[in-house]
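If you want the building blocks of each chain, they are given just below.
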Amino acid sequence: MANYKNGETNLDDVLQEYNEFKAQSKEYEEFLEADIQEKDNKIEDLLNTIEKLKDDNSELRKKYEKDEMEISKLLNEVDIIKKKLKWYEEQKRDLEVLNDQWERSARVLEYSKQELEERLTQAEEIAIIYKEEIEELSINKEIEMQRLKDQCNELKQELSIVTVEKADLNRTFNKNKVEIVTLNEGISIPPKPKSRNHSKSSSKIPSRGHSRKNSNESNDCSQSVKVVVRVRPPLKAENWDKNALNISQNTICVKESKNKNTDSKTFEFENIVFPDQNEDALFAQIKESVSHVAYGKNACVMAYGQTGSGKTYTMNSIIHKAVDKLRIIENAEVTIQCLEVYNEQVKNLILTDQNIKNPKDPMEGSEIKLKVDWAEQALEIINEAISRRTTKFTDCNERSSRSHAIYTLNFYTNDYHSKIQFVDLAGSERVGKSNVSGETLKEALLINKSLSALQDVISALENKQKHVPYRNSMLTKLLQPTLGGSQSAVNMIFNCSPSNESLNETVCTLALASRVKAVDLGFFIRKNLKTKEVERTLSLLEKERLEKNNILRTLDKLQRDLESYQFAVKDRDNKIAMLNSKIKLRDKAYQEVKTTKPKIEITKTMDSPNSTNSLLNKAKLRSAMNKSKNKNLLCLNIKDIGRVVSLSPSNPMLKTVGSTLKPTRIPTPSFTCLRLNQCF
Ligand SMILES: Nc1ncnc2c1ncn2[C@@H]1O[C@H](COP(=O)(O)OP(=O)(O)OP(=O)(O)O)[C@@H](O)[C@H]1O
């Protein structure tokens, strides 16, 4: 029992133990539950944390990826920057080279500037001299103009007296003419040749060896100038008003103004080639003179007229026809010479090896020997020569010949040496009309001068003066062989344009033609009808004609001189105005340079006297010293522009410049600083 009791005790104990255990296990269970709960909570927290971390992670990944992209982008940029850096370095190197060059150019420019400044000073001095000269010239001009005006007035008065006398003489002449016809019945006076159907003169060309005796038979035309007036047809752009320029059988009537009350000018000519007449009609007028060449005489055919009046056209056709006519001359040595007189200078228009070798003397080797069968070759050479002439565009003609062209053919036979000269003169228009200036004005003035010289020669020949002024111009010098001498036939073709715009020039051309034409009728009658009264009348008429011609020539010359003088003064005025405006421009540029701040700063000091900068500064100083001769200029520059140049106090330059430039001390005790007048 005890055992039982013991057992019972034990059971109680066990039960107690059990209960305790149960309580403990409950407690433990609760503890576990709590622990589990806690762990669950923790797990939940952890899970939440994990979730959060996952989110964070994905965000971080995104960020990482973004960063990675940015890094690669940055790396690219770094690459680009590196490349750019490299490029900049190259650029820098290039710029350094450029800077070097620029500095060198700046130095050169500085020297040029100094030179320009010197030139400017000179130009200013010249301008002052010019101004003084102009003032003096304009005073002289006024005096000269007044003198010329007085002379013109005197001549006009003389002219009006002569005109009255002429009317008287004409009356006497007409009276005497009737008497002559009555007195000399039976003596037939050949009718005046009609210009339109000019009689065909039978000029038989002699065979080779034709004697001088025969040639003398044709002496009638010696020393008279045959005048032919040619009016060319109007060009497409031209307007021919037949009321303003009226051409009839032997007269040309010009009315310069449309005003009904204005007087028209009437000119009488025996030989007029009308606009509708062809080249044969023209050649018929001069073929007799051409034939004389085959008789051992000389001939000269000249075309005169304003620009565009048809001189070259006329001369070309005459040359072709004349060469054709002279073909008959056989067994002669024929030579050709083609010269141009431009601005009083002679130019050979035939290019040969010889004259290329010696371009300084155009006359040397200018006469070319032609083949036996010479005509074709001569025409070829002349055509080439024509193409080489100096031409220019003027208001009056697109290809205006600005020179006189002289084509000469020489015929050397056993019996004679004859020569024919074809002269295409330069345009005779007045300088005012062709709107020219400068070089072209000079050209026009020289053309007018040589045409005046030609008139003087013709006048001297007509008046049978002892001295004929051939040497007054290159043109007359070259024409001397065919203009002068008793064995020469001179033909002047006065070319006119029918255009309304040219009426003024046409009047001038016709007036000159009237003066040049010899009173052949008088000459003819003098030879055939020798009564005392007729002789007296004719000599009076001849005297009157010569006087009138002289007065008109002088008037014309005076007018040309006056015109040339006025244009020369105008040209000079223009040149001076141009010079003044150039000076103003330079002044302006100079002022700009002075006020512009220097672009290059040369800051290096002259440490070593032999360094490049030292040399540069020395050069600047030297130029400043040169300028110091002109103290005003130097002072002005010192005031305006400053540039620091350092020099050792012992430098000899300092002593020289020191007197003009004020040295100031700068902090470095061993250097003296000069404020110089340099502009870079
Ligand atoms: N008789 C004519 N028949 C037809 N056209 C002509 C005649 N004469 C001249 N012409 C024409 O008139 C124009 C001017 O002629 P040309 O060149 O011969 O004049 P110019 O007097 O020699 O001029 P410049 O002095 O300027 O040289 C040319 O186009 C030419 O063909």
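For every chain, the first residue of the written sequence is number 1, and numbering continues from 1 onward in sequence order. With pLDDT at 70 or above as the cut-off, local features in this predicted model cover only qualifying residues; side-chain atom pairs require 80 or more to be listed or tallied, and sums for whole chains, interfaces and linings still use all residues.

### Quick word on the overall build of the protein
For clarity, the cut-off: Going along the chain from the N terminus, every DSSP run of H or I of four or more residues is numbered as a helix, and every run of E of two or more is numbered as a strand. Partly exposed residues are those falling between the two cut-offs: more than 12 but fewer than 20 other C-beta atoms within 10 Å of their own, whereas 20 or more means buried and 12 or fewer means exposed, with C-beta atoms placed from the backbone.
Summing up its helical and strand segments, the protein has 14 helices and 17 strands in all. Every one of the 680 residues in the protein was classed for burial, and the buried ones make up 26%.

### Details of the site of the ligand
Counted only if it meets this: Using a C-beta atom placed from the backbone, a residue is described as near a molecule or strand when that atom lies within 6 Å of it. Put simply, Ala, Val, Leu, Ile, Met, Phe, Trp, Tyr, Cys and Pro go in the nonpolar bin, Asp, Glu, Lys and Arg in the charged bin, and everything else, Gly too, in the polar bin.
Inspection of the region around the ligand gives 16 residues, with Thr307, Gly310, Thr312, Ser400 and Ser401 positioned closest. Of all the secondary-structure elements, those providing two or more residues to the shell around the ligand are helix H4 (311-326) and strand E11 (400-401). Counting residues per element, the shell around the ligand draws most heavily on H4, which supplies three residues. A class-by-class count of the residues in the shell around the ligand yields three nonpolar, eleven polar and two charged.

### Section: the pairing of strand E6 (residues 298-305)
Here is the rule: Here, any two strands with at least 2 DSSP bridges between them count as paired.
The element E6 is extensively covered by neighbouring structure, given that eight of its eight residues are classed as buried. Every second residue of E6 is oriented toward a common face, with Asn298, Cys300, Met302 and Tyr304 on one face and Ala299, Val301, Ala303 and Gly305 on the other, all of them buried. As defined by bridge partners, E6 adjoins strand E13 (residues 417-424) across five bridges and the pair is classed as parallel. Counterpart to cysteine 300 in the pairing with E13 is glutamine 421.

### With respect to the packing of helix H3 (residues 279-293) against H4
Convention followed: Structural elements are reduced to axes, namely lines fitted to C-alpha atoms, with helices fitted over the stretch in contact, and the angle between N-to-C directions of any two is expressed from 0 to 180 degrees. Under this scheme an angle from 65 to 115 degrees is roughly perpendicular, one under 35 degrees roughly parallel, and one over 145 degrees roughly antiparallel; angles in between are oblique. Working rule for handedness: look at the near helix, and if it is turned counterclockwise from the far one by less than a right angle, call the crossing left-handed; if clockwise, right-handed. Contact definition: two residues whose C-beta atoms, as placed from backbone geometry, lie within 7 Å.
Packing of H3 against H4 leaves a shortest axis separation of 9 Å and a crossing angle of 50°. Here H4 runs oblique to H3, going by the angle between their axes. Crossing of H3 against H4: the hand is right-handed. Contacts between H3 and H4 involve Glu279, Leu282, Phe283, Ile286, Lys287, Val290, Ser291 and Val293 from the first element and Thr314, Ser317, Ile318, Lys321, Ala322, Lys325 and Leu326 from the second. Within the contact of H3 with H4, the residues separate by chemical class into eight nonpolar, three polar and four charged.

### Some thoughts on the UniProt feature "binding site: ATP" (unreviewed entry) in the protein
Just so we agree on the cut-off: UniProt positions are given in the numbering used here, feature names are shortened, and annotations may be inferred rather than shown by experiment.
Feature annotation in UniProt assigns "binding site: ATP" (unreviewed entry) to the following positions: Gly305, Gln306, Thr307, Gly308, Ser309, Gly310, Lys311 and Thr312. You can see threonine 307 is positioned in the loop between E6 and H4. The class of threonine 307 is buried, set by 25 C-beta atoms lying within 10 Å. Following the sequence through the fold, lysine 311 ends up in helix H4. Lysine 311 gets classed as buried once you count the C-beta atoms within 10 Å, which come to 27. The contacts of lysine 311, once residues within four sequence positions are left out, are Ala303, Gly305, Asp424, Leu425 and Asn495.

### So, helix H6 (residues 374-387)
Note the threshold: Take the residue count of a helix, subtract one, and multiply by 1.5 Å to get its expected span. As used here, the arc belongs to the directions running from the helix axis to the C-beta atoms.
A rise of 1.5 Å per residue sets the reference length of H6, with its 14 residues, at 20 Å; its end C-alpha atoms lie 20 Å apart and thus fit the reference within 8%. By the burial criterion, the buried members of H6 are Trp374, Ala378, Ile381, Ile382, Ala385 and Ile386. Viewed along the axis of H6, the buried residues span an arc of 140°, placing them on a single side of the element. The exposed set on the far side of H6, more than 90 degrees from its buried face, consists of Glu376, Glu380, Asn383 and Ser387. On its buried face, H6 sits against H4, strand E7 (333-342) and strand E12 (404-412).

### Topic: the packing of H4 against H6
Look at H4 against H6: their axes get within 10 Å of each other, and the N-to-C directions meet at 165°. Between H4 and H6, the crossing angle belongs to the class labelled roughly antiparallel. Both H4 and H6 take part in a crossing whose hand is right-handed. For the pair H4 and H6, the contacting residues are Ile319, His320 and Val323 in the first and Ala375, Ala378, Leu379 and Ile382 in the second. For the contact of H4 with H6, a count of residues per class yields six nonpolar, one polar and no charged.

### Observations concerning the nonpolar core
The following threshold applies: Buried Ala, Val, Leu, Ile, Met, Phe, Trp, Tyr and Cys residues form a nonpolar core when they are connected through C-beta atoms within 7 Å.
Counting 83 residues, the largest nonpolar core has Val227, Val229, Met302, Cys338, Val423, Met492 and Phe494 as the members making the most contacts within it. Top contributing element to this core by residue count: helix H7 (residues 438-462), with nine residues. Those residues in contact with cysteine 338 that sit more than four places away from it in its chain are Leu349, Ile350, Ile381, Ile382, Ala385 and Tyr407.

### A word on H3
Here H3 is 15 residues long and its end C-alpha atoms lie 21 Å apart, about the 21 Å a rise of 1.5 Å per residue gives. Burial runs high along H3: eleven of the 15 residues are buried. Within H3 the residues assigned to the buried category are Leu282, Ala284, Gln285, Ile286, Lys287, Glu288, Ser289, Val290, Ser291, His292 and Val293.

### Some thoughts on the confidence of the model for the protein
What counts is decided by this rule: One confidence number per residue, pLDDT, is output by the predictor and ranges from 0 to 100.
Per-residue pLDDT for the protein has a mean of 73; in total, 67% of the residues score no lower than 70. A low-confidence stretch, residues 597-616 (pLDDT under 50), is modelled with 22 contacts involving residues beyond four sequence positions or located in other chains. On the interface metric, ipTM, the complex scores 0.98, and its pTM is 0.52.

### So, the environment of histidine 320
For histidine 320, the position within the fold is in helix H4. Sequence separation of histidine 320 and alanine 378 is 58 residues, and the distance between their C-alpha atoms is 9.6 Å.

### Some remarks on the sheet that holds strand E4 (residues 265-268)
With respect to topology, three strands assemble into an open sheet ordered E2-E3-E4, the strand pairing being antiparallel. The open sheet has two edge strands, strand E2 (245-247) and E4, and neither has a second partner. Going across the sheet, the axis of each strand differs from the next one's by a mean of 15°, ignoring polarity. Against the sheet, helix H9 (residues 503-516) engages E2, strand E3 (251-254) and E4, with an angle of about 145° to E3.

### Looking at the environment of glutamate 462
Among the structural elements, glutamate 462 can be located in helix H7. Of the residues examined, glutamate 462 has 20 C-beta atoms within 10 Å and is grouped as buried. Through-space distance from the C-alpha of glutamate 462 to that of valine 225 is 8.2 Å; in sequence the pair is 237 residues apart.

### Quick word on unusual backbone geometry
Even without glycine at this site, asparagine 343 takes up a positive phi of about 50°. By the secondary structure assignment, asparagine 343 is in the loop between E7 and strand E8 (345-348).

### Quick notes on the pairing of E12
Counting buried positions over the nine residues of E12 gives seven, a clear majority of the element. Both E12 and E13 contribute to a ladder of eight bridges, which runs antiparallel. For phenylalanine 411, the partnering residue across the bridge sits in E13 and is serine 418. Count of turn residues in the E12/E13 antiparallel hairpin: four residues.

### Topic: the environment of asparagine 250
By secondary structure assignment, the location of asparagine 250 is in the loop between E2 and E3. With 21 residues separating them in the primary sequence, asparagine 250 and asparagine 271 have C-alpha atoms 7.2 Å apart.

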